[in-house]
Amino acid sequence: EVQVVESGGGSVQPGGSLRLSCAASGFIFSNYWMSWVRQAPGKGLECVAIIKEDGSEKDYVGSVKGRFTISRDNAKNSLYLQMNSLRAEDTAVYFCVRDLGYYVMDVWGQGTTVSVSS
Amino acid sequence: QSALTQPRSVSGSPGQSVAISCTGTSRDVGAFNYVSWYQQHPGKAPKLIIFNVIKRPSGVPDRFSGSKSGNTASLTISGLQAEDEADYYCCSHAGGYTLGLFGGGTKLTVL
């Protein structure tokens, strides 16, 4: 079964850090771009970061540039999101997503919740 | 980069058809035929239902169809069923970015 499973969410104070992980299975992980998409409580979807198959290209939404880092370990079939200098507005469910390119996201995890508050 | 514009809500009775619009600009929706649509039930992960404007992934009923005219894409759901009640999001090119740009989402209510 093709699936991705997120972990690493939690509660953190403003300015803190968290590292999200995503374990992929059922497909050749190294053949796909991967993304993180978030959804703030009661709000819509927002693409946060994307990474190429081999990790050589990355892109971020403006609001997280310089604070978040997306990475992957193809040997471990894993995707990561290092989140530093967290702000209240980063509070959201974070989804790990398989990205076919051209905004086609066909495999979604169930999400992991990040809460930033004092 | 502003989110693509979708109506906040639409509604229809079982068996009817509804259309959800997604309006952008010539730099996003109008730039390429790369518009996708996602369905999200409460508390669940989004599900891809339309990609490349008009294509349906395997397993998605043909009651779901997509189209585009100029800077506006549309998702049409025909023969509405109770299980279609969900939030729907469009996604498209975001100018010079690799990341996609989502619409604000539309809540579909089946009356």
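These remarks concern the structure in this document. (Residues numbered from 1 in each chain as written. Chains lettered and ligands numbered in written order. Predicted model: local features only at pLDDT ≥ 70, side-chain atom pairs only at ≥ 80, totals over all residues. Heavy atoms only, no water.)

## Quick look at the overall build of chain B
Logical step 1: When its secondary structure is counted, chain B shows zero helices and nine strands.
Logical step 2: In chain B, the succession of helices and strands from N to C terminus is β-β-β-β-β-β-β-β-β.
Logical step 3: Computed over the C-alpha atoms, the radius of gyration of chain B is 13 Å, within 12% of the 13 Å expected from 2.2 N^0.38 for a compact globule of 111 residues.
Logical step 4: With the C-alpha coordinates of chain B rotated into their principal frame, the extents come out at 40 × 25 × 25 Å. (Helix = DSSP H or I, 4+ residues; strand = E, 2+ residues; numbered from the N terminus. Rg over C-alpha atoms; globule rule 2.2 N^0.38 Å.)

## Examining the overall build of chain A
Logical step 1: The number of helices and strands found in chain A is zero helices and eleven strands.
Logical step 2: If you list the helices and strands of chain A from N to C, you get β-β-β-β-β-β-β-β-β-β-β.
Logical step 3: A compact globule built from 118 residues should have a C-alpha radius of gyration of about 13 Å, and chain A, at 13 Å, falls within 12% of that.
Logical step 4: Summarising its shape, the C-alpha atoms of chain A cover approximately 40 × 25 × 25 Å along the three principal directions.
Logical step 5: Residue pairs at least 24 apart in sequence account for 52% of intrachain contacts in chain A once pairs closer than 6 positions are excluded.
Logical step 6: Accessible surface for chain A amounts to roughly 5300 Å². Of this, 45% is attributable to carbon and sulfur atoms.
Logical step 7: Treating the 11 positive side-chain charges of chain A as one cloud and the 12 negative ones as another, the clouds have centres 5 Å apart. (Contact = heavy atoms within 4.5 Å. Areas by Shrake-Rupley, 256 points an atom, 1.4 Å probe, with all protein chains shown as cover. Lys, Arg positive; Asp, Glu negative; His and termini not counted. Charge placed at Lys NZ, Arg CZ, Asp CG, Glu CD.)

## Some details on the state of the cysteines
Logical step 1: Per the counting criterion, the structure on display carries two disulfides over all chains.
Logical step 2: The disulfide partner of Cys 22 of chain A is Cys 96 of chain A, and the gap between their sulfur atoms is 2.0 Å. With the S-S dihedral at roughly -70 degrees, the linkage between Cys 22 of chain A and Cys 96 of chain A falls on the left-handed side. Taken together, the residues span a long stretch of sequence, with Cys 22 of chain A in strand E3 (residues 18–25) and Cys 96 of chain A in strand E9 (residues 92–99) at a distance of 74 residues. Both residues of the pair, Cys 22 of chain A and Cys 96 of chain A, belong to the buried class.
Logical step 3: Between Cys 22 of chain B and Cys 90 of chain B runs a disulfide, and the two sulfur atoms are separated by 2.0 Å. (Disulfide = S-S within 2.5 Å. Buried < 20%, exposed > 50% of the residue type's maximum accessible area, 1.4 Å probe, protein only.)

## Notes on the pairing of strand E5 (residues 64–69) of chain B
Regular strands show a simple pattern: their side chains alternate between the two faces of the sheet.
Logical step 1: As judged from the six bridges shared by E5 of chain B and strand E6 (residues 72–77) of chain B, these two strands associate in the antiparallel manner. Counted as the bridge partner of Ser 65 of chain B is Thr 76 of chain B from E6 of chain B. (Pairing = 2+ DSSP bridges.)

## Overview of the layout of surface pockets
All names here are of chain B.
Logical step 1: One number sums up the size of the second largest pocket: a volume of about 370 Å³.
Logical step 2: Secondary structure elements with two or more residues in the lining of the second largest pocket: strand E7 (86–94) and strand E9 (106–110).
Logical step 3: Tallied by class, residues from the lining of the second largest pocket come to four nonpolar, nine polar and five charged. (1 Å grid on protein atoms, 1.4 Å probe; cavity = no way out; pocket = protein on both sides within 12 Å on 5 of 7 lines; lining within 4 Å. Points joined across faces, edges and corners; volume = space filled by probe spheres on them. Nonpolar A, V, L, I, M, F, W, Y, C, P; charged D, E, K, R; others polar.)

## Topic: the side chain of Arg 67 of chain A
Logical step 1: Checked against the element boundaries, Arg 67 of chain A lands in the loop between strand E6 (58–60) and strand E7 (68–73).
Logical step 2: Excluding anything up to four places from it in sequence, Arg 67 of chain A contacts Gln 82, Met 83, Asn 84, Ser 85, Leu 86, Arg 87 and Asp 90 of chain A.

## What about the interface of chain A and chain B?
Logical step 1: Across the boundary between the two partners, chain A contributes 24 residues, which contact 21 residues of chain B.
Logical step 2: Together, the buried faces of chain A and chain B total about 1800 Å²; carbon and sulfur atoms form 68% of this surface.
Logical step 3: The tally of links between chain A and chain B comes to zero salt bridges.
Logical step 4: Applying the counting criterion to the chain A and chain B interface returns five residue pairs in polar contact (both at pLDDT 80 or more).
Logical step 5: Taken together, the elements giving at least two residues each to the side of chain A that touches chain B come down to strand E4 (33–39), strand E5 (45–51), E6 and strand E10 (105–108) of chain A.
Logical step 6: Ranked by the residues each element gives to the side of chain A that touches chain B, the list is headed by E5 of chain A, at six residues.
Logical step 7: Of the residues belonging to the side of chain A that touches chain B, the class tally is 15 nonpolar, four polar and five charged. (Buried area = accessible area lost by both parts, 1.4 Å probe. Salt bridge = Lys/Arg side-chain N within 4 Å of Asp/Glu carboxyl O. Polar contact = N/O pair within 3.5 Å; in protein donor to acceptor, adjacent residues only side chain to side chain.)

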